[in-house]
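Here's the letter readout for the chains.
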Amino acid sequence: MDLAEFDYTLPEELIAQTPLADRAASRMLVVDRARGSWEDRQFRDLPAFLRPGDCLVLNDSRVFPARLFGHRAGVHALPIGKKNPARHAYLTGEVEVLLLRPVDSAAKEWEALVHPGKKMRVGERVRFADGLEAEVIARREFGERTLRFHTHAHLGDVGDVYEEFEKIGHVPLPPYIKRRDEAADRERYQTVFAREKGSAAAPTAGLHFTPQVLDACRACGAEIAFVTLHVGLGTFQPIHCQSRGERVEGHRLHSEHYCITADNAARMTVARRLVAVGTTSVRTIESAMRGGGLRESSGETDLFIYPGFEFCAIGAMLTNFHLPRTSLLLLVCAFAGKDLALAAYRHAVEQRYRFYSYGDCMLIR
């Protein structure tokens, strides 16, 4: 398959820049795979599409302030005058770091994306606020760096790095949101059921839920189960950025950590139908099925789902609208069928749905 087959045109003004005041006020496009049709609904209608025996599967990963701003140690800000603004970061030594996941159990070493990355060699150091410093100790396969954190006063132990990130870090809003993060994003770019911290991006299909909607789903007889997949490079990196050509086959995703507890596995196992909330829940469940079934498990997954994939467990899926040419859109096309999915996307554009992380959603059943 050619990656160009998974493209569509989206007016920039349909990319949601801010969340709705009411989480549950989003629109929901309901796509019926059997009939090859769709209808425009509201997210609050979701319980009407659930039945006794259904199990709603939610990703409870919690986003942490994974975007850090610092400068290269030994490089001082220089007046740039009328020089090319594109060279600003290089001239001033400014560095932006997006933390992806910890390498060690103490979370002192991290895989991260570093910008500008080409100038950051192994051995270089980045200094942040409050005495935090990171040294580049390795370059990795997908262009990331491995960073080791310490305090730059005496190269000493930094203590609880998550506490440091909470103090100086920023909410890792996606690049298509053309504004700086705000204090409100710390709560709003987070699901109401988030528990296990570790994601560099929100599992956005879950952002629409409120406690009241969850109660309404239970009242319809649906069970609720949780899985954990910490969102990293494997979820949000565009395929064409992996420099492996324009063909879908042969691409490989960056691995991400997932976990399923025994009680949640039991809830899913007895369900009549699994309704996965978000592509991350889909990948977690389907990865578990390929690793021995729905049971207590944890590990890494680089499962790449694209048209032709045989789903083992998922019966329905709630998901936001995704960027063209990404693994997320390919997963949606694999589940709904490419022609139906892309036709539904075109309808969403015509009806001026709000797209991407803070946008509206789609129920595929």
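Residues numbered from 1 in each chain as written. Predicted model: local features only at pLDDT ≥ 70, side-chain atom pairs only at ≥ 80, totals over all residues. Heavy atoms only, no water.

(A) Representation of the packing of aromatic side chains. Scanning the entire structure with this criterion turns up 23 aromatic pairs. Here the aromatic rings of Phe 128 and Phe 149 are separated by 6.1 Å at their centres, their planes lie at 25 degrees, and the arrangement is stacked. Placement of Phe 128 in the loop between strand S8 (125-127) and strand S9 (132-139) and of Phe 149 in strand S10 (residues 145-151) is noted, with a sequence separation of 21 residues between them. Of the two residues, Phe 128 and Phe 149, neither departs from the other in class, the shared state being buried. Centroid distance Phe 304 to Tyr 306: 4.9 Å. Interplanar angle 55 degrees. Geometry classified as tilted. For Phe 304, a relative accessible area of 11% translates into the label buried. (Phe/Tyr/Trp six-rings, centres within 6.5 Å; stacked < 30°, edge-to-face > 60°. Helix = DSSP H or I, 4+ residues; strand = E, 2+ residues; numbered from the N terminus. Buried < 20%, exposed > 50% of the residue type's maximum accessible area, 1.4 Å probe, protein only.)

(B) Geometry of the side chain of Arg 23. Along the chain, Arg 23 falls in the segment before strand S1 (27-32). We classify Arg 23 as buried; its relative accessible area is 8%. At 2.8 Å, the side chain of Arg 23 and the backbone oxygen of Gln 190 are in polar contact. In contact with Arg 23, other than residues within four places in its own chain, are Glu 187, Arg 188, Gln 190, Thr 191, Val 192, Leu 207, His 208, Phe 209 and Thr 210. (Polar contact = N/O pair within 3.5 Å; in protein donor to acceptor, adjacent residues only side chain to side chain. Contact = heavy atoms within 4.5 Å.)

(C) The sheet that holds strand S14 (residues 273-277), seen in detail. If you walk across this open sheet you meet the nine strands as S2-S1-S17-S16-S14-S3-S12-S13-S15, and the pairing is mixed. Both edges of this open sheet fall to strand S2 (37-42) and strand S15 (297-301), since each of them pairs with a single strand only. For this sheet, the mean angle separating the axes of adjacent strands, direction not counted, is 25 degrees. Pairing geometry for strand S16 (residues 314-320) and strand S17 (residues 361-364), over four bridges, is antiparallel. The residue of S17 that forms the bridge with Leu 318 is Leu 363. Across the sheet, helix H6 (residues 262-269) is in contact with strand S3 (54-59), strand S12 (223-229), strand S13 (256-260) and S14; its angle to S12 comes to roughly 130 degrees. (Pairing = 2+ DSSP bridges. Axes fitted to C-alpha atoms, helices over the stretch in contact; angles between N-to-C directions.)

(D) Quick look at the nonpolar core. In this structure, Tyr 189, Met 268, Phe 355 and Met 362 are the most contacted members of the largest nonpolar core, which totals 62 residues. The biggest single contributor to this core is helix H8 (residues 327-336), with eight residues. With residues near it in sequence (within four places) discarded, Tyr 189 still touches Val 63, Val 171, Pro 172, Leu 173, Pro 174, Ala 201, Ala 202, Thr 204, Leu 207, Ser 357 and Tyr 358. Membership of the second largest hydrophobic core comes to 27 residues, among which are Val 97, Val 114, Ala 134 and Leu 233. (Core = buried A, V, L, I, M, F, W, Y, C linked by side-chain atoms within 4.5 Å.)

(E) Just helix H2 (residues 161-168), in detail. Every buried residue of H2 is listed here: Val 161, Tyr 162, Glu 164, Phe 165 and Ile 168. Taken around the axis of H2, the buried residues stretch over an arc of 155 degrees, which confines them to a single face. Residues of H2 that are exposed and angled more than 90 degrees away from the buried face: Glu 163 and Lys 167. Two to three positions downstream of the cap, the backbone nitrogen of Tyr 162 sits 3.0 Å from a side-chain oxygen, assigning the N-cap of H2 to Asp 160. (Arc of directions from axis to C-beta.)

(F) Quick look at unusual backbone geometry. The residue after His 115, namely Pro 116, is reached through a cis peptide bond having omega -5 degrees. In the Ramachandran plot, Arg 325 falls in the positive-phi region, its phi being about 55 degrees despite a non-glycine side chain. If you trace the backbone, Arg 325 turns up in the loop between S16 and H8. Positioned with a positive phi, Tyr 356 is a non-glycine residue whose angle comes to about 75 degrees. Accessibility expressed as a relative area gives 6% for Tyr 356, which makes it buried.

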